[in-house]
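Below, each chain spelled out in residue letters.
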Amino acid sequence: MGAGTRTDAGDGAGIPVRPPLGRELLLVASLFLVYKAGRLFANGHETRAFHNADRVWDAERAVHLPGEGAVQQLLLHADAVVRSANTYYAAVHFPATLAFLGWLYWRRPGHYVWARRVLALLTGAALALHVLVPLAPPRMLSAAGLVDTARVYGPSVYGATPETDSMANQFAAMPSLHFGWALMVAIGLIAATHTRWRWLWLLHPALTLLVIVGTANHYWFDALAAAVLLGVALAVVRAPGNNPGRVVRAGAAAQAPAGRSAATPSAAAGTARAAGTAGTANPALTTGAVPPTDPTTVPPPLPRPRPTEPVSSSRLAAPRTAGAVR
């Protein structure tokens, strides 16, 4: 649908407007090109990349994180398992994110705008770190002693010579956008759906984490950096439920249901006056029935006065003194 198309928000909080499809496709394509160009721009810093890799590896060992090799050994038990992991790394990253945005666009337009802004902010911050902090992945680090599973078992998305790879920057390990995007996909679907099974979407970032570490494409710290950046982006971008544009303004008249006409202000005022008049009328005069009384509001009856007795002349005598005899 085009611009201005209204769709039901489903929660009564407001009616989100679906953005124009052509503009969104152009925007997503532009973000993808900037993403690829930014990664290529970071090429040519191999010395710094390997120096930073040594520092990251030593920092992980200093905080006693498990070695990436322990995860890789789980994948190397069977060729089919390691090939599946390589395929997941190569084929799920972009398609899953695009499918996520496409579903939100058609079914949850308010959540779509929010998710697109978060992903754009996360990707921009990641590209800045890729340029400022080039990092060689663990598969290139001799101290790690890991196997480049993509080159040995296939499939691989990278060129055989990282320094001359014109398709991707292989020295942009931190942060891991594989993990950052997968985590945002899970968070976005959990926020946009209401089924009790929606928490299973967290399996996507969990599996992505095992894949990027087990294939020796990323360190643990790469995923941690992506999670931190995503948390900042989520804090900056307003969530759909708090978007003032989706909330009906206070005092605005609600839309009348289909087939019914909304009451005019004059009719509403007349109804209010009639209700006020009826509220002040005496029910006993209009219906002939005595209105029930509330015992808590009726005051207690006053005490009945005692009848006065005639005063005889004997009672007007002087008071008796002590010892007097009647």
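Procedures and definitions
- Residues numbered from 1 in each chain as written.
- Predicted model: local features only at pLDDT ≥ 70, side-chain atom pairs only at ≥ 80, totals over all residues.
- Heavy atoms only, no water.
- Core = buried A, V, L, I, M, F, W, Y, C linked by side-chain atoms within 4.5 Å.
- Buried < 20%, exposed > 50% of the residue type's maximum accessible area, 1.4 Å probe, protein only.
- Helix = DSSP H or I, 4+ residues; strand = E, 2+ residues; numbered from the N terminus.
- Contact = heavy atoms within 4.5 Å.
- Axes fitted to C-alpha atoms, helices over the stretch in contact; angles between N-to-C directions.
- Parallel < 35°, antiparallel > 145°, perpendicular 65-115°, else oblique.
- Nonpolar A, V, L, I, M, F, W, Y, C, P; charged D, E, K, R; others polar.
- Salt bridge = Lys/Arg side-chain N within 4 Å of Asp/Glu carboxyl O.
- Patch = residues over 30% accessible without salt bridge, like charges linked within 9 Å, V, L, I, M, F, W, Y side chains within 5 Å.
- Areas by Shrake-Rupley, 256 points an atom, 1.4 Å probe, with all protein chains shown as cover.

Caption draft 1: Representation of the nonpolar core within the structure. Counting residues in each nonpolar core, the largest one holds 38 residues, and the members touching the most others are Phe100, Ala115, Val118 and Met184. For this core, the secondary-structure elements that each account for two or more residues are helix H3 (68–75), helix H4 (79–91), helix H5 (93–107), helix H6 (109–132), helix H8 (177–192), helix H9 (203–214) and helix H10 (220–236). Considering every element that reaches this core, the biggest residue donor is H6, with nine residues. Every residue in contact with Met184, bar those within four places of it in the chain, is listed here: Phe100, Trp114, Ala115, Val118, Leu119, Leu230 and Leu234.

Caption draft 2: Structural view of the packing of H8 against H9. Two elements in contact, H8 and H9, have axes separated by 8 Å at closest approach and are oriented at 170°. Judged by the inter-axis angle, H8 sits roughly antiparallel to H9. Contact residues: His178, Phe179, Ala182, Leu183, Val185 and Ala186 in H8; His204, Pro205, Thr208, Leu209 and Ile212 in H9. Residues that form the contact of H8 with H9 fall into these classes: eight nonpolar, three polar and no charged.

Caption draft 3: Region of the structure containing the pattern of salt bridges. Evaluated as defined, the whole model comprises five salt bridges. A salt bridge links Arg61 to Glu68; the nearest nitrogen and oxygen atoms lie 3.7 Å apart. Through salt bridges with shared partners, a single network forms among Arg23, Glu24 and Arg116.

Caption draft 4: Representation of a nonpolar patch on the surface. Side chains of Leu121, Leu224, Val228, Val232 and Val236 sit close together on the surface and give an oily, nonpolar patch of about 440 Å² of accessible area. Per-element tally for the nonpolar patch: the top contributor is H10, with four residues. Mapped onto the secondary structure, Val228 falls in helix H10.

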